[in-house]
Amino acid sequence: MADRNCLISNEWICGEYVRTRSQELTDATLQHVWITLASVAIGLLVAFPLALLARRWRVVAGPVLGMTTILYTVPSLAMFSLLLPVFGVSAAVVITGLVLYSLTILVRNIMAGLASVPEEAREAARGMGYGPLRLLFGVELPLALPALMAGLRITTVSTVSLTTVGAIIGYGGLGNLIYEGMRSFFKAQVLTASVLCVALAVVADVALLGVQRLLTPWARKRRRAA
């Protein structure tokens, strides 16, 4: 009875809301996760070659970093509005906008990670007959992983947050519930969706931190030795 009354009295914490809207919450969460994963993955695929180009040709570095920084300063509402005529009302609008936002962090961190690789490691690899590609994937990227993963973690957490803005076109995942709850002043819906959004960000960050530790066992050994 108390749970039912919390819906009637429009309380912030309401177990009956979670029980009766579990499918709605699940669908919104899955959409949120899908949009976040797609955006971060595509962002990484775009940022990686851009970072390599900027590192290879210094004349390209300035324009690439400048353009990604400018894109990051565009308000999300304006960004999605500008993309609407191109993609129509679809998830592609949100994903494209989030990809553009991710570039400034990912490109800079990839470049910073590659720049942090000791020159001695490169020279040793070349002396062992490593070509450019083998040097990149076998030596430089593994040593650059801490900086790269740091950028990926920041990007993922910010993408989880920015995905909610997609609610303006109906593709905001949990943001849809937050937006609808704010319009109707449905407290339980706003709070529950917000808490789930924060939980997604925390879980994603912890998961990526775990992946980073698995991929960089030498860093753990170094810390133990210290």
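Residues numbered from 1 in each chain as written. Predicted model: local features only at pLDDT ≥ 70, side-chain atom pairs only at ≥ 80, totals over all residues. Heavy atoms only, no water.

If you look the chain up in an unreviewed UniProt entry, it shows as ABC transporter permease from Streptomyces coffeae. Its UniProt record gives the chain a comment under Sequence similarities (unreviewed entry), which states: "Belongs to the binding-protein-dependent transport system permease family." (UniProt positions renumbered as here; feature names shortened; annotations may be inferred.)

## A few points about the environment of Arg213
Of note, Arg213 is situated in helix α10 (residues 187-215). Considered as a pair, Arg213 and Leu145 are 68 residues apart in the sequence and their alpha carbons are 9.9 Å apart. (Helix = DSSP H or I, 4+ residues; strand = E, 2+ residues; numbered from the N terminus.)

## Points about helix α4 (residues 58-73)
Its 16 residues give α4 an end-to-end C-alpha distance of 24 Å, which sits within 8% of 22 Å, the value for a rise of 1.5 Å per residue. Residues of α4 that are buried include every one of Ala61, Val64, Leu65, Thr68 and Leu71, and no others. Projected down its long axis, α4 carries its buried residues within an arc of 125°, all on one side. Exposed residues lying more than 90 degrees from the buried face of α4 are Val59, Pro63, Ile70 and Thr73. Check the buried side of α4 and you find it contacts α3 (22-56), α5 (76-87) and α6 (91-115). (Expected span 1.5 Å × (residues − 1). Buried < 20%, exposed > 50% of the residue type's maximum accessible area, 1.4 Å probe, protein only. Arc of directions from axis to C-beta. Contact = heavy atoms within 4.5 Å.)

## Side note on the packing of α3 against α10
Running from N to C, α3 and α10 cross one another at 35°; their axes reach a closest spacing of 11 Å. The crossing of α3 and α10 is right-handed. Across the interface between the two elements, Leu25, Thr29, His32 and Val33 of α3 pack against Thr192, Leu196, Cys197 and Leu200 of α10. Of the residues in the contact of α3 with α10, the class split is five nonpolar, three polar and no charged. (Axes fitted to C-alpha atoms, helices over the stretch in contact; angles between N-to-C directions. Left-handed = near helix turned anticlockwise from the far one by under 90°. Nonpolar A, V, L, I, M, F, W, Y, C, P; charged D, E, K, R; others polar.)

## Section: the UniProt feature "domain: ABC transmembrane type-1" (unreviewed entry) in the chain
Mapped onto this numbering, the UniProt entry annotates "domain: ABC transmembrane type-1" (unreviewed entry) at residues 29-208. Strand forms 0% of residues 29-208 and helix 86%; the C-alpha atoms that close the span are 19 Å apart.

## What about the side chain of Gln189?
Residue placement: Gln189 occurs in helix α10. Here Gln189 falls in the buried class, since its relative accessible area comes to 4%. There is a polar contact of 2.8 Å between the side chain of Gln189 and the backbone oxygen of Leu177. Contacts of Gln189, omitting those with residues within four sequence positions, involve Tyr17, Arg21, Leu177, Glu180 and Gly181. (Polar contact = N/O pair within 3.5 Å; in protein donor to acceptor, adjacent residues only side chain to side chain.)

## Points about the packing of aromatic side chains
Counted under the stated rule, the structure contains two aromatic pairs. Centre to centre, the rings of Phe48 and Phe137 are 6.3 Å apart; their planes meet at 45°, and the pair counts as tilted. Here Phe137 lies in helix α8 (residues 132-162) and Phe48 lies in helix α3, a separation of 89 residues in the sequence. Here the aromatic rings of Tyr72 and Tyr101 are separated by 6.1 Å at their centres, their planes lie at 85°, and the arrangement is edge-to-face. With Tyr72 in helix α4 and Tyr101 in helix α6, this pair connects stretches of sequence that are 29 residues apart. Its relative accessible area of 39% is what places Tyr72 among the partly exposed residues. (Phe/Tyr/Trp six-rings, centres within 6.5 Å; stacked < 30°, edge-to-face > 60°.)

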